[in-house]
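Examining the three-dimensional arrangement
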Amino acid sequence: MEHLGTRTTPAAVASRQDTQAAQDGRVRLDTLYRWRAAIADLDGGASTKYSVCVVGDSITEGAIAGTTTADYRDKGFVGRLRAYLAARYEDVGQGFIAAYYPFDYPQWSYTGTGWGFHASFGVGGRSRFTSTANDAASVTFTGTGCVISFIRGGVTGNVRVTIDGTVYATVDTYTSGAVDNYWNYTVSGLSDGPHTLTLTNLGTSTAGGAAGNSLYFNGLTPVRGARGVIVHNIGSSGAKASTLTPEAYLQAELQQFAPTLTIIALTANDYTQQTAIATYTAELTTLVNRAKTYGDVLLVANGARSVITGQTIPQASYVAAMRAVADATGVAFVSLVDRWGGGPNAVTLGYLNADGLHPNVKGHADQANALAAILLDVPVRPNPMTRVTDRSITHLTADVTNTTTTLADVRSDFTQTLEPNATYRVEFYVPYSTAATTTGIGLTLTTSAAPTLLTGSVDIGGVAANGTASIYSGAITASAVTVASAAVAAANTIYIALVTAVIRTGASSVTVRPQFRSSVAGSGATIRAGAHLELTRVA
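Because the structure is predicted, anything quoted here is derived from the model rather than measured.

1. A look at the nonpolar core
Counting 37 residues, the largest nonpolar core has I264, L266, L284, L299 and M322 as the members making the most contacts within it. Elements that contribute at least two residues to this core include exactly β2 (49-56), α6 (250-257), β15 (261-266), α8 (277-292), β16 (296-301) and α9 (315-329). Ranked by residue count, the leading element in this core is α9, at 6 residues. If sequence neighbours within four positions are ignored, L284 has contacts with A241, I264, L266, L299, M322 and V325.

Here it is in structure tokens:
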């Protein structure tokens, strides 16, 4: 089992965070009982999944951790928190992918002319709908299946579900009864890996006829892994406390996911729009009480921003109101605004983008550090040389065979993006076998561009009977330089190989992916399930 740091008591964590902060009201962590029980269950080896919902605004979505969907998903504080948990347990998928998510760089793509937003349903009132036949929505996810969240009612009808270009099913979403805001349909039986799902509105209903001419949906949740924590991003650009209080929004979302922990991260938009403190307090209390129905709650005062000229209510008043709600409702609280010393100091420290509101990559990384310290009881200020928030582990869950001497990817999601001006350690553990004793395996790392530094080694075991000649070794001195063995001691027997490397990037980001080949055309080299790629940013 992998741990991200030394286990400590909650009291020690609060001390590491900042003893003064705990004393003066910036931190309250004494009520996360159910969450800590869930972590203890997983640490004890339980094969189960728990859920965390992170509710918030565009910062929760991942703004502005970059300029792509992947940046928002992976470099935002929610994605980084997800990576913490996946490294500690298993990768159990991205969590809920809302129909609009993220608002600036949607993960879903749409074809057709009838698409619109429905303000009464979905995350922040942003479900998508169309009444035009053959309009379609597509998304790529990684997993062995997914759960699609439809809205079912008297105007919805048949939807064609296509997976990787093949029709999986036709689903009739019509009902003559009450509208169901979150009606789930499960797709299962897929190989573990990336898949593209398409929903096509067929413009009619088997049960409802012409009345059921529409497709309404909220998004989907990938299904992957057996044990770990699913982190659902319930961020909604522009959200403030009042945005999330309608019954059809947060209550329905939390009921669907039944999270062990709900993180509510707000203040920025309420401060910007100067919500009355009494109103803000009442609305936040409503959100907390709903979330407490399902599990623990952690209130997070984030969104530190530069001072806005003419604002009469300072951001500190909203932070204090959130702390007061935490005390009144008995839930946990942390102020990331105070962690950075307030908005103006956050600008000085370089945590924010040029807009003076949204965190940059550095800001999101620090928020993830703070939350992981709370949730995983690891030191709040990790050794900067270990950079555990930038550590990822990608697992292979099914065998992959190459019968050619041409390099092939292990799996598409093994391709990793390395940030500019950074140093990474790469470790690729490769259980493998070949079809004949006269067949070996070739292994390498391939990059999209030449990094400033790429140096590595490959050690391939099992090339002969045990002894000094049983391991074949070689060096990787540049992208795609391949180290290939020529034989194995026994055919169809699993041996181990290890690829290690240090990569230093320059001014531009670089992708790296492990590749392999057979040493003999027509004879298979197989990387076995259980292979895994560990990527750690060390500087």
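2. Describing the layout of surface pockets
Taken as a whole, the largest pocket encloses approximately 1200 Å³ of empty space. Forming the boundary of the largest pocket are 35 residues, of which R73, D74, S392, D413 and Q416 lie nearest the centre. Going through the elements one at a time, α4 (69-75), α5 (77-88), β7 (136-143), β18 (391-395) and β21 (416-418) are the ones with two or more residues in the lining of the largest pocket. Considering each element in turn, the lining of the largest pocket owes the most residues, 6 residues, to α5. Looking at the lining of the largest pocket, its residues break down into 10 nonpolar, 13 polar and 12 charged.

3. Side note on the side chain of Q315
Examined against the element boundaries, Q315 turns out to sit in helix α9. Separated by 2.8 Å, the side chain of Q315 and the backbone oxygen of G303 make a polar contact. Beyond its immediate stretch of four places on either side in the chain, Q315 contacts T267, A268, Y271, N302, G303, A304, R305 and V337.

4. Here we look at the packing of α8 against α9
Helix-helix packing is described using two parameters, namely the angle between the two axes and the distance between the axes. Where α8 contacts α9, the axes come no closer than 10 Å and their chain directions differ by 40 degrees. When the interaxial angle is binned, α8 and α9 end up oblique. For the pair α8 and α9, the sense of crossing is right-handed. Every residue of α9 that contacts α8 at I277, Y280, T281, L284, T285, V288, N289 and K292 is listed here: S317, Y318, A321, M322, V325 and T329. Of the residues contributing to the contact of α8 with α9, the split by class is 8 nonpolar, 5 polar and 1 charged.

5. Observations concerning empty space enclosed by the protein
Within the structure shown, the criterion is met by 1 cavity of 30 Å³ or more. Approximately 40 Å³ is the volume attributed to the largest cavity. Every residue along the wall of the largest cavity is listed here: I59, A301, N302, G303, A304, L336, V337, W340, L352, L357, P359 and Q367. A per-class count over the lining of the largest cavity returns 9 nonpolar, 3 polar and no charged.

6. Here's the deal with the confidence of the model for the protein
Taken as a whole, the protein shows an average pLDDT of 87; of its residues, 91% reach a score of 70 or greater. Considering each helix and strand of the protein separately, the mean pLDDT is smallest for helix α1 (residues 10-24), with a value of 38, and largest for strand β9 (residues 158-163), with 98. Counting interchain partners and residues more than four positions distant, the pLDDT-below-50 stretch residues 1-25 has 51 contacts. Confidence drops under a pLDDT of 50 for residues 378-389, and excluding neighbours within four residues, the segment shows 32 contacts in the predicted structure.

7. With respect to the pairing of strand β28 (residues 510-518)
Counting buried positions along β28 gives 7 out of 9 residues, so the element sits mostly inside the fold. Alignment of strand β20 (residues 408-409) against β28, held across 2 bridges, turns out to be antiparallel. Bridge assignment links D409 to a residue of β28, and that residue is Q515. Strand direction decides the pairing type here: β21 and β28, joined by 3 bridges, are antiparallel. In the strand pairing of β28, Q416 is matched with V512. Two elements, strand β23 (residues 441-447) and β28, share 7 bridges in a ladder whose sense is antiparallel. Residue pairing across strands places L445 opposite P514, the latter belonging to β28.

8. Re the sheet that holds β9
An order of β4-β7-β12-β9-β10 is seen for the 5 strands of this open sheet, with the pairing classed as antiparallel. The open sheet has two edge strands, β4 (109-111) and β10 (166-172), and neither has a second partner. Across this sheet, the average inter-strand angle for adjacent strands is 25 degrees, counted without regard to direction. Sheet topology places β9 next to strand β12 (residues 193-201); 5 bridges connect them, and they run antiparallel. Residue V161 lies in a different strand from β12, and its bridge partner there is L199.

9. Some remarks on the environment of F257
With respect to the helices, strands and loops of the structure, F257 is situated in helix α6. Taking relative accessible area as the criterion, F257 reaches 10% and is therefore assigned buried. Here F257 is in contact with S51, C53, F96, T221, H232 and I234, once residues within four sequence places are set aside.

What counts, and at which threshold
- Residues numbered from 1 in each chain as written.
- Predicted model: local features only at pLDDT ≥ 70, side-chain atom pairs only at ≥ 80, totals over all residues.
- Heavy atoms only, no water.
- Core = buried A, V, L, I, M, F, W, Y, C linked by side-chain atoms within 4.5 Å.
- Buried < 20%, exposed > 50% of the residue type's maximum accessible area, 1.4 Å probe, protein only.
- Helix = DSSP H or I, 4+ residues; strand = E, 2+ residues; numbered from the N terminus.
- Contact = heavy atoms within 4.5 Å.
- 1 Å grid on protein atoms, 1.4 Å probe; cavity = no way out; pocket = protein on both sides within 12 Å on 5 of 7 lines; lining within 4 Å.
- Points joined across faces, edges and corners; volume = space filled by probe spheres on them.
- Nonpolar A, V, L, I, M, F, W, Y, C, P; charged D, E, K, R; others polar.
- Polar contact = N/O pair within 3.5 Å; in protein donor to acceptor, adjacent residues only side chain to side chain.
- Axes fitted to C-alpha atoms, helices over the stretch in contact; angles between N-to-C directions.
- Parallel < 35°, antiparallel > 145°, perpendicular 65-115°, else oblique.
- Left-handed = near helix turned anticlockwise from the far one by under 90°.
- pLDDT = per-residue confidence, 0-100.
- Pairing = 2+ DSSP bridges.

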